[in-house]
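Close look at the chain arrangement
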Amino acid sequence: MSRLSEMIKELCPDGVEYRAIKDCVKKIERIQWATTDETYRYIDLSSVDRDNRQIGETTEICADDAPSRAQQIVRTDDILLGTTRPMLKRYCQIPLEYDNQICSTGFCVLRADNSRIVSRWLYHTISTTSFFDYVERTQHGSSYPAISDTEVKEFEIPVPPLAIQNEIVKLLDNFTELT
């Protein structure tokens, strides 16, 4: 029996609980442009590479030239999901170099509540076919289909104990690295 199978047998003998994403994430802060004179790196929808799921080119902004959509403060390990034309699958995880920077309101920012969920588990969960099937069914509009942050956060995900999440994340990350 594998280590993971043993953990599942021991830690969740009755199966895994499902919870809405909203029950597993924290609230995101918004920048108050009137109270800051700092410069930030701005992550807009085109900054996220759809192939490698990483942040590419960003622009520097300050209160004087910030686009109206530059509102959300991101932290290391946050998950960004593009909510405008969401089937383009524009999502990524925030690396340390973008901690405390700004992203567009065109992203749903998911900040894991680490007492309930591992950030990387959330990342892998939103990359699944079942999540994007839900997005496709839920999005609205035809020219520029979109899904609201509220609708994203209504999606129910499996929430096994943290130890199992960590073990599965290791396997998925290793597999991803090989492919």
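Now for a quick tour of the structure. (Residues numbered from 1 in each chain as written. Predicted model: local features only at pLDDT ≥ 70, side-chain atom pairs only at ≥ 80, totals over all residues. Heavy atoms only, no water.)

Glancing now at the pattern of salt bridges. Within the structure shown, the criterion is met by nine salt bridges. The closest approach of N and O atoms between Asp 23 and Arg 19, which form a salt bridge, is 3.8 Å. The class for Asp 23 is partly exposed, based on a relative accessible area of 29%. In this structure, Arg 116 and Asp 113 form a salt bridge, with 3.8 Å as the shortest nitrogen-oxygen distance. Exposure remark for Asp 113: the relative accessible area of 17% places this residue in the buried category. Residues joined by salt bridges that share partners form a network here, namely Glu 29, Arg 75, Asp 78 and Arg 111. (Salt bridge = Lys/Arg side-chain N within 4 Å of Asp/Glu carboxyl O. Buried < 20%, exposed > 50% of the residue type's maximum accessible area, 1.4 Å probe, protein only.)

We now examine the sheet that holds strand 5 (residues 70-74). Within the open sheet, the four strands sit side by side as 4-3-8-5. Their pairing is mixed. Edge strands, defined here as strands with exactly one partner in the open sheet, are strand 4 (59-61) and strand 5. When strand polarity is set aside, the average angle formed by the axes of neighbouring strands in this sheet is 45 degrees. Judged from the three bridges that link them, strand 3 (residues 40-43) and strand 4 form a sheet pairing that is antiparallel. Bridging from a neighbouring strand, Tyr 42 pairs with Thr 59 of strand 4. (Pairing = 2+ DSSP bridges. Helix = DSSP H or I, 4+ residues; strand = E, 2+ residues; numbered from the N terminus. Axes fitted to C-alpha atoms, helices over the stretch in contact; angles between N-to-C directions.)

Attention shifts here to the pairing of strand 8 (residues 101-104). Bridge count for strand 3 against strand 8 is two bridges, and the pairing is parallel. For Tyr 42, the partnering residue across the bridge sits in strand 8 and is Ile 102.

Glancing now at the sheet that holds strand 9 (residues 107-112). Pairing is antiparallel in the open sheet, where four strands are placed in the order 2-9-6-7. Lying at the two open borders of the sheet, with one neighbouring strand each, are strand 2 (25-26) and strand 7 (91-93). Direction of pairing for strand 6 (residues 79-82) relative to strand 9: antiparallel, over a ladder of four bridges. Its bridge partner being in strand 9, Ile 79 is matched across the sheet by Leu 110.

Before going further, it helps to examine unusual backbone geometry. Residue Arg 53 is not a glycine yet carries a positive backbone phi of 60 degrees. Following the sequence through the fold, Arg 53 ends up in the loop between strand 3 and strand 4. Since its relative accessible area comes to 19%, Arg 53 is described here as buried. With a phi angle near 65 degrees, Asn 100 is a residue other than glycine that sits in the positive phi range.

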